[in-house]
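Chain by chain, the residues run as shown.
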Amino acid sequence: MRIRDLLAVEELRLTLLAGEEHLDRSFTGVQITDLPDPGRYLSPGELVLSGLMWRTRPEDSERFVRRLVEAGVAALGAGRAWLGAVPDDLVRACREYDLPLMEVPVEVSFRTVAETITPRHAELRDALGRHRRIVAAVAEGAGLEELFALMDAELRMTGAVVSATGAVIAGTLPDTNTNTNTNTDAGTAAVPGARIGAGAGRGSGGEAVAARLAREFLTAPRLPHVVRTPAGTFTLFGVGREHRAAGWALACGGDLIAETDLGFELAACVALERGRMEEGRRVERRLAGQLVALAASGAGGQAELGAALQTCGIGPAEPYRVVSATVTGPGAAREADPAALGGRILEELLRPRVTAAAVTPDGALALVPLAAGAVSGPGGSSRGTASGPGRTAPAGQAAAGAAGSPDRADGGRPWTADEPAGALRAGTEVLAAGLPGLRVSIGVSAALTGSPALRGGLEEAGHARRLAEARGGGVVTSDEIYTHALLLATVPGDVRRSFTERTLDPILDYDRRHRSELLRTLDTFLDCAGSWNACAERLHVHVNTVRYRIRRVEELTGRDLSTMTDRVDLFLALRAS
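Residues numbered from 1 in each chain as written. Predicted model: local features only at pLDDT ≥ 70, side-chain atom pairs only at ≥ 80, totals over all residues. Heavy atoms only, no water.

**Description of the overall build of the chain**
Right, on to step 1. Looking only at helices and strands, one finds 18 helices and 17 strands in the chain.
Right, on to step 2. Every one of the 577 residues in the chain was classed for burial, and the buried ones make up 50%.
Right, on to step 3. Of all intrachain contacts in the chain linking residues separated by at least 6 positions in sequence, the fraction that spans at least 24 positions is 64%.
Right, on to step 4. Carbon and sulfur atoms form 52% of the exposed surface of the chain, whose accessible area is close to 25,800 Å². (Helix = DSSP H or I, 4+ residues; strand = E, 2+ residues; numbered from the N terminus. Buried < 20%, exposed > 50% of the residue type's maximum accessible area, 1.4 Å probe, protein only. Contact = heavy atoms within 4.5 Å. Areas by Shrake-Rupley, 256 points an atom, 1.4 Å probe, with all protein chains shown as cover.)

**Structural notes on the sheet that holds strand E5 (residues 101-104)**
Right, on to step 1. Strand order across the open sheet formed by five strands is E1-E5-E4-E3-E2, with mixed pairing between neighbours. Strands with a single pairing partner mark the edges of an open sheet, and in this sheet they are strand E1 (15-18) and strand E2 (29-32). Going from strand to strand, the sheet's axes swing by 25° on average, the running direction of each strand aside.
Right, on to step 2. For E2 and strand E3 (residues 46-50), the ladder comprises four bridges, and the chain directions are parallel. (Pairing = 2+ DSSP bridges. Axes fitted to C-alpha atoms, helices over the stretch in contact; angles between N-to-C directions.)

**Some thoughts on helix H12 (residues 454-470)**
Right, on to step 1. Compared with an ideal rise of 1.5 Å per residue, which puts 17 residues at 24 Å, H12 spans 24 Å between its outermost C-alpha atoms and is within 8% of the ideal.
Right, on to step 2. Positive backbone phi, approximately 90°, marks Gly-472, located one or two places after H12. (Expected span 1.5 Å × (residues − 1).)

**Remarks on the confidence of the model for the chain**
Right, on to step 1. Overall, the prediction assigns the chain a mean pLDDT of 81, with 82% of residues at 70 or greater.
Right, on to step 2. Between residues 376-411, whose pLDDT stays under 50, and residues either more than four places distant or in other chains, the model counts 71 contacts. (pLDDT = per-residue confidence, 0-100.)

**Digging into the nonpolar core**
Right, on to step 1. Leu-173, Leu-213, Ile-345, Leu-346, Leu-350, Leu-424 and Ile-442 are the most contacted members of the largest nonpolar core, which totals 46 residues.
Right, on to step 2. Leu-144, Ala-170, Trp-248 and Leu-262 belong to the second-largest nonpolar core, a separate cluster that totals 23 residues. (Core = buried A, V, L, I, M, F, W, Y, C linked by side-chain atoms within 4.5 Å.)

**Digging into the pattern of salt bridges**
Right, on to step 1. The final tally for this structure, using the stated rule, is 33 salt bridges.
Right, on to step 2. Across the pair Asp-24 and Arg-4 runs a salt bridge whose closest N-O atoms are separated by 3.2 Å. Placement of Asp-24 in the loop between E1 and E2 and of Arg-4 in helix H1 (residues 3-7) is noted, with a sequence separation of 20 residues between them. Summarising the burial analysis for this pair, Asp-24 and Arg-4 share the class buried.
Right, on to step 3. A salt bridge links Arg-212 to Glu-216, with the shortest nitrogen-to-oxygen separation between them at 3.0 Å. With Arg-212 and Glu-216 both in helix H6 (residues 205-219), this residue pair falls four residues apart, about one helical turn.
Right, on to step 4. Sharing partners across several salt bridges, the network here consists of Arg-2, Arg-4, Asp-5 and Asp-24. (Salt bridge = Lys/Arg side-chain N within 4 Å of Asp/Glu carboxyl O.)

**Quick word on the pairing of strand E15 (residues 439-444)**
Right, on to step 1. The element E15 is largely enclosed, with a buried count of five among its six residues.
Right, on to step 2. As paired elements, strand E12 (residues 319-328) and E15 share six bridges and run antiparallel to each other. Note that in E15 the partner of Ser-324 across the bridge is Gly-443.

**Some words on unusual backbone geometry**
Right, on to step 1. Residue Leu-223 is joined to Pro-224 through a cis peptide bond whose omega torsion reads 5°.
Right, on to step 2. Here the residue pair Arg-351 and Pro-352 is connected by a cis peptide bond, since its omega of 5° sits within 30 degrees of zero.
Right, on to step 3. Counting through the fold element by element, Pro-352 comes out in the loop between helix H10 (338-350) and strand E13 (358-360).
Right, on to step 4. Positive phi, normally seen in glycine, also occurs at Asp-98, with a value near 60°.
Right, on to step 5. Mapped onto the secondary structure, Asp-98 falls in the loop between helix H3 (88-96) and E5.
Right, on to step 6. Judged by its relative accessible area of 35%, Asp-98 falls in the partly exposed class.
Right, on to step 7. Within the chain, His-540 stands out as a residue other than glycine whose phi angle is a positive 60°.
Right, on to step 8. A relative accessible area of 72% places His-540 in the exposed class.

**A closer look at the environment of Ala-423**
Right, on to step 1. Position of Ala-423 relative to the elements: it lies in helix H11 (residues 419-434).
Right, on to step 2. In this structure, the C-alpha to C-alpha distance between Ala-423 and Thr-165, residues 258 residues apart in sequence, is 9.9 Å.

Structure follows, in structure tokens:
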């Protein structure tokens, strides 16, 4: 029974004096005592009722409350009959130790309170029996949505399965746009979860709750973990033994710390269903791996490659993007297979549109189907100099008409050309916030059509991913790699550092000794395409000052900034730094 439910019993006329934030806390039984030190007789999760006969001076309150908290008591009910009122020092002690305190009026006996609670705990035992029936149903093959329907029907419990990347796998979460209190009972507006940053409902309150729960799941020192949000209180339970970055959390409505056995068994049900899904994914991963190996080797003909592409669910005229991912950092190093971890994270980021990622020595790879309206067809528009069969417009230039495409059989409507990058960025941001030691680097190719474009798409996604790695993680699309940034990213780090030091160190040394701004002036001068007046205006100095500083830069570096070659060298040194 929850504190909220006990306060709602009108005939008891209880008043909450402390612990407003713990209304969803449950208690497992009732103990009546007036011993000054009752700790040894108490059990965790109990509601203690006391007439306060132990209190002879204000200091007694702190000692009594401390003993209750040490015993794991859920709440304290204080009677007024002995002292005439609940003393302020007891209220302060309960607030200090974060223990809910209720005032029991003189006309209500402790026996009445206990008799009110006991039948309700019998109801809880009945609920546990109903819970066992849920477990049996899942063991017989019930899916996740069926599990949550049973939880609602049998236990009147709401909840959802949330991935570490902020997606709702199953169930529903309250929408903070329509619910601003902490009540998670029936009647609260709830919305089915969707990938954050993708598709319909972008920015909805339900997605905000999913992102918050994902961050709490990633950062919680231990599970189960209670989370209080504007949409309500949730208890998070881990699902299975997966690395948290690719893991799932079961978010149950309410504070279930006193009923963790309920949550653990429900989480085991979810883990059982995930295991079933993993069995099917193994075959799809093998097929994806064969497709990638065939395309990368160039050994197979186009007919064979096209058949392999169709086996993976992409027809000859269907557009797609290639996504490449790696995971690095201390969190990944502890894994037996960091490449496999990258594949599992990529699958979570792209679900439900991608069910399997291929794992290669160079990283994880996945093909993301796109809506038919996202391209103009094979040989369609391309990026100026990168045109060729099967190439389409880069991200951000896709046709908008695809948003109305019918849903795919995999559970989500096809993405338009620019949506995969947005979904990947949103998911990696959640991971970065929750696991700062884990760096996820992702590259996304241009939109492609047909098997002839696949090999180039694999290479392009790999180039984009390596640029993301050079930046310390994140998502890089094909639009961003056809610049000097890609060239710098492919140069070994020690070579970049050596080039930068040899080129810029004389300027840096001069600036340190003279407290000058030669490096800033050089950067601004090149950014202004060598315009003296524009550079002076931006730096708020006289044009002659700019001329003097640039001449000093030339003397220190031995470069001539009137020539394009030396300008390019200095520009690349600045960007490489």
